[in-house]
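# Summary of structural features
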Amino acid sequence: MNASRYVPFAGRLLIGLPFAMSGLSKLAAIGPTTEMIRAAGLPLPTLALGLAVIVELGGGLLLVAGFRARIVATALALFSLATAVSFHSNFADQNQMIHFLKNVMMTGGLLQIVAFGAGALSMDNRSARGGAQEAS
């Protein structure tokens, strides 16, 4: 068994599923989530909610599948940094600092996918022969 075939998939799964779950939770709480976005001072909270759901749910599922993984990981990394700055930058609150750092760490993991691709078990590499990765 070649672990290097499975580890990238495990990494994509462990990063992508929480994004997808977060997107679903926003759909389950549209009103409160919109108000949280409004309270953060972001413009067009309803549009921001829609974009967040698309990025988190869609991006999370695409990342797990390994479809256009480098592009999706880039979008999720930028989203994570924007979320950290917009919602978790009150460093006087230790909980917010922890969430800020969590978003920074997620960005680091996503940048690994940007750098190295989706791995062998992915839609990006479904036609690759012998485990070689295609550029995505």
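Refer to the preceding data block for the structure.
Source: prediction; values computed, not measured.

## Section: the overall build of the chain
- Within the chain, the secondary structure is distributed over 5 helices and 0 strands.
- If you list the helices and strands of the chain from N to C, you get α-α-α-α-α.
- Its C-alpha atoms put the chain at 50 × 30 × 20 Å along the principal axes.
- For the chain, with 136 residues in total, the buried portion stands at 33%.
- Partitioning the intrachain contacts of the chain with sequence separation of at least 6 by distance along the chain shows that 64% fall at a separation of at least 24.
- Total accessible area computed for the chain in this model is approximately 8,000 Å², and 71% of it derives from carbon and sulfur atoms.
- Counting 9 positive and 5 negative side-chain charges, the chain places the averaged centre of each group 11 Å from the other.

## Topic: the nonpolar core
- Ile15, Phe19, Leu63, Leu76, Leu110 and Ile113 are the most contacted members of the largest nonpolar core, which has 13 residues in total.
- Those elements giving two or more residues to this core turn out to be α1 (3-28), α3 (45-65), α4 (69-87) and α5 (94-116).
- Broken down by element, the residue count for this core peaks at 6 residues, all from α4.
- Apart from residues lying up to four places away in sequence, Leu76 is in contact with Phe19, Val55, Gly59, Gly60, Leu63 and Leu110.
- Among the nonpolar cores identified, the runner-up in size contains 6 residues, and Ile37, Ala48, Leu49 and Leu57 belong to it.

## A word on the packing of α1 against α5
- Where α1 contacts α5, the axes come no closer than 11 Å and their chain directions differ by 125°. When the interaxial angle is binned, α1 and α5 end up oblique. Crossing geometry of α1 relative to α5 is assigned as left-handed. On α5, the residues touching Arg12, Ile15 and Phe19 of α1 are Met106, Gly109, Leu110 and Ile113.
- A class-by-class count of the residues in the contact of α1 with α5 yields 5 nonpolar, 1 polar and 1 charged.

## A short note on the side chain of Lys26
- In this structure, Lys26 sits in helix α1.
- In this structure the side chain of Lys26 is engaged in a polar contact, spanning 3.0 Å, whose partner is the side chain of Glu56.
- The contact partners of Lys26, leaving out residues within four places of it in the chain, are Thr33, Leu49, Ala52, Val53 and Glu56.

Calculation criteria
- Residues numbered from 1 in each chain as written.
- Predicted model: local features only at pLDDT ≥ 70, side-chain atom pairs only at ≥ 80, totals over all residues.
- Heavy atoms only, no water.
- Helix = DSSP H or I, 4+ residues; strand = E, 2+ residues; numbered from the N terminus.
- Buried < 20%, exposed > 50% of the residue type's maximum accessible area, 1.4 Å probe, protein only.
- Contact = heavy atoms within 4.5 Å.
- Areas by Shrake-Rupley, 256 points an atom, 1.4 Å probe, with all protein chains shown as cover.
- Lys, Arg positive; Asp, Glu negative; His and termini not counted.
- Charge placed at Lys NZ, Arg CZ, Asp CG, Glu CD.
- Core = buried A, V, L, I, M, F, W, Y, C linked by side-chain atoms within 4.5 Å.
- Axes fitted to C-alpha atoms, helices over the stretch in contact; angles between N-to-C directions.
- Parallel < 35°, antiparallel > 145°, perpendicular 65-115°, else oblique.
- Left-handed = near helix turned anticlockwise from the far one by under 90°.
- Nonpolar A, V, L, I, M, F, W, Y, C, P; charged D, E, K, R; others polar.
- Polar contact = N/O pair within 3.5 Å; in protein donor to acceptor, adjacent residues only side chain to side chain.

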